Amino acid sequence: MGPYQRGLVLAVALLLLPGAALIFPASAQEARSGYFYASPETQALQDDPFANPGSLWLEEGRARWQRIEGAAGKSCASCHGDNGTELIEASAAYPKFNKRLGRPITLSQQINQCRVRHMGAAALAPDSEALMSIELLLRQRAAGRPMQVSVDGPMRPFYERGKALYFQRRGQFNMACYQCHDQRPGEFVRGERLSQGQINNFPAYLIRWGTVGSAHRRFQLCDRQARAEPFQIGSPEYVALEVYVAHRARGLAVEAPAVRP
Ligand code: HEC
Ligand code: HEC
């Protein structure tokens, strides 16, 4: 089955599910990582550091952390130390408001800010192996810490925008994120077990991708499966959506490297 058919079958199956499915508001549900809904095989792959494919990205991330690049002749380690210790808390707190830009930025975007502004190096392409490996390393150092994204002050309007997107029915099947991830977690739909759609685990290794990808790439996949036009990775829409979904995951432990089907 191609991705189109898969999405079609999934959406049609969901529309046909009995309307009697219990409807819990998101706030009434205990937040649970996608790990909880994953199969024992997928969980085992994540739990075994030797088998976990994300380990390869971590190794690459460690090498890149020390690599001198750009006109300033610096590496990440030159400014943030060999272990980046002072970035641990921050790595669980993105997206974060950037005063200079007047808007929230993702952890990927912050890494590129450092490359361009502090290293005199080129920005890395969205979701490139290079960018994902550095971001995964930062998240791995924060593993076990609670997600703690702030939505106060200047973050508020972006949170509201993201929340509106989360509840907005879009696309050919007229479906919204909450219909799958707040109303139906735990249900099997054509072999896929729906989770709460949490993002405590990104960037994550997806078996179907054979690589590590960002939360925005996962949003794109969900949009395509629901036959809605996806936004761009790093777009204002997905950054706002990430603000809402990251705040929704507050308190969940950061998981890295995570493995998902
Ligand atoms: C038609 C149902 C459907 C809709 C609508 C949908 N998703 Fe998903 N989503 C899935 C399926 C299936 C998966 C893979 C299994 C799982 O983790 O739920 C998934 C996975 C995810 C994950 C990964 C969870 C993890 O643990 O790795 C995130 C994050 C996510 N969705 C967010 C969203 C957001 C945000 C929206 C709205 C833009 C959305 N989804 C809309 C079906 C949907
Ligand atoms: C020349 C010094 C310098 C280098 C090299 C550098 N940074 Fe930074 N970094 C900073 C400064 C200064 C800040 C404070 C915010 C800003 O100016 O962007 C920062 C902020 C950060 C933050 C956010 C911290 C927070 O509290 O939110 C992260 C994450 C980060 N850097 C990662 C990296 C990574 C990864 C690299 C290598 C690709 C790197 N930095 C290279 C100077 C540097």
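Residues numbered from 1 in each chain as written. Chains lettered and ligands numbered in written order. Predicted model: local features only at pLDDT ≥ 70, side-chain atom pairs only at ≥ 80, totals over all residues. Heavy atoms only, no water.

## Considering helix α10 (residues 215-225)
Because each turn of an α-helix spans 3.6 residues, side chains separated by three or four positions in sequence point in the same direction.
Piece 1. The buried fraction of α10 is high, at eight of eleven residues.
Piece 2. Among all positions of α10, only Ala215, His216, Arg218, Phe219, Gln220, Leu221, Asp223 and Gln225 are buried.
Piece 3. Count one or two residues on from α10 and you reach arginine 227, which has phi positive near 60 degrees. (Buried < 20%, exposed > 50% of the residue type's maximum accessible area, 1.4 Å probe, protein only. Helix = DSSP H or I, 4+ residues; strand = E, 2+ residues; numbered from the N terminus.)

## Remarks on the coordination of the iron atom of ligand 2
Piece 1. Taken together, the protein ligands of the iron atom of ligand 2 are His80 (NE2) and Cys114 (SG), with distances of 2.0 to 2.3 Å.
Piece 2. Seen from the iron atom of ligand 2, its six donor atoms lie at angles of 86 to 178 degrees, and the figure they make is octahedral. Residue histidine 80 is located in helix α5 (residues 76-80), and its partner cysteine 114 is located in helix α6 (residues 107-119); the two are separated by 34 residues in the primary sequence. (Donors = N, O, S within 2.8 Å, 3.2 Å for Na, K, Ca; no water. Tetrahedral: all angles 85-135°; square planar, octahedral: opposite > 155°, others 65-115°.)

## Topic: the sheet that holds strand β5 (residues 204-206)
Piece 1. Ordered by their spatial adjacency, three strands build an open sheet running β6-β5-β7, and the pairing between neighbours is mixed. The open sheet has two edge strands, β6 (211-213) and β7 (259-260), and neither has a second partner.
Piece 2. Examined bridge by bridge, β5 and β7 share two bridges and lie parallel to one another. Directly across from leucine 206, in β7, lies its bridge partner arginine 260. (Pairing = 2+ DSSP bridges.)

## Regarding the coordination of the iron atom of ligand 1
Piece 1. At this site the iron atom of ligand 1 is bound by His181 (NE2) and Cys222 (SG), with donor distances of 2.0 to 2.2 Å.
Piece 2. Considering all six donor atoms around the iron atom of ligand 1, angles at the metal cover 86 to 180 degrees and the coordination shape is octahedral. In this pair, histidine 181 sits in helix α9 (residues 177-181) while cysteine 222 sits in helix α10, placing the two residues 41 residues apart along the sequence.
Piece 3. By relative accessible area, histidine 181 is classed as buried at 16%.

## Some thoughts on the site of ligand 1
Piece 1. Taken together, 21 residues are adjacent to ligand 1, and Cys177, Cys180, His181, Ser195 and Cys222 come closest.
Piece 2. One of the side-chain N or O atoms of histidine 181 is found 2.8 Å from a nitrogen atom in ligand 1.
Piece 3. Where the shell around ligand 1 is concerned, the elements lending two or more residues are α9, β4 (192-193) and α10.
Piece 4. With four residues, α10 is the largest single contributor of residues to the shell around ligand 1. (Near = heavy atom within 4 Å. Polar contact = N/O pair within 3.5 Å; in protein donor to acceptor, adjacent residues only side chain to side chain.)

## A few points about the site of ligand 2
Piece 1. Taken together, 19 residues sit near ligand 2, with Cys76, Cys79, His80, Tyr94 and Cys114 positioned nearest.
Piece 2. At 2.8 Å from a nitrogen atom of ligand 2 is found a side-chain nitrogen or oxygen belonging to histidine 80.
Piece 3. Glutamine 110 has a polar side-chain atom sitting 3.1 Å from an oxygen atom of ligand 2.
Piece 4. Elements that contribute at least two residues to the shell around ligand 2 include exactly α5, α6 and α7 (129-141).
Piece 5. Element by element, the count of residues in the shell around ligand 2 is highest for α6, at seven residues.
Piece 6. Of the residues in the shell around ligand 2, the class split is eleven nonpolar, four polar and four charged. (Nonpolar A, V, L, I, M, F, W, Y, C, P; charged D, E, K, R; others polar.)

## Considerations on the nonpolar core
Note on soluble globular proteins: their nonpolar side chains tend to be buried together.
Piece 1. Counting residues in hydrophobic clusters, the biggest one holds 28 residues, and the most contacted among them are Met147, Tyr166, Ile199, Phe202, Phe219, Leu241 and Val245.
Piece 2. Secondary structure elements with two or more residues in this core: α8 (156-167), β5, α10 and α11 (236-248).
Piece 3. Per-element accounting of this core gives the leading share, six residues, to α11.
Piece 4. In this structure, valine 245 is in contact with Tyr166, Gly197, Gln198, Ile199 and Phe219, ignoring residues within four places of it in sequence.
Piece 5. Among the nonpolar cores identified, the runner-up in size contains 23 residues, and Leu58, Ile134, Leu138 and Val212 belong to it. (Core = buried A, V, L, I, M, F, W, Y, C linked by side-chain atoms within 4.5 Å. Contact = heavy atoms within 4.5 Å.)

Keep in mind that these numbers describe shape and distance, not what the molecule does.
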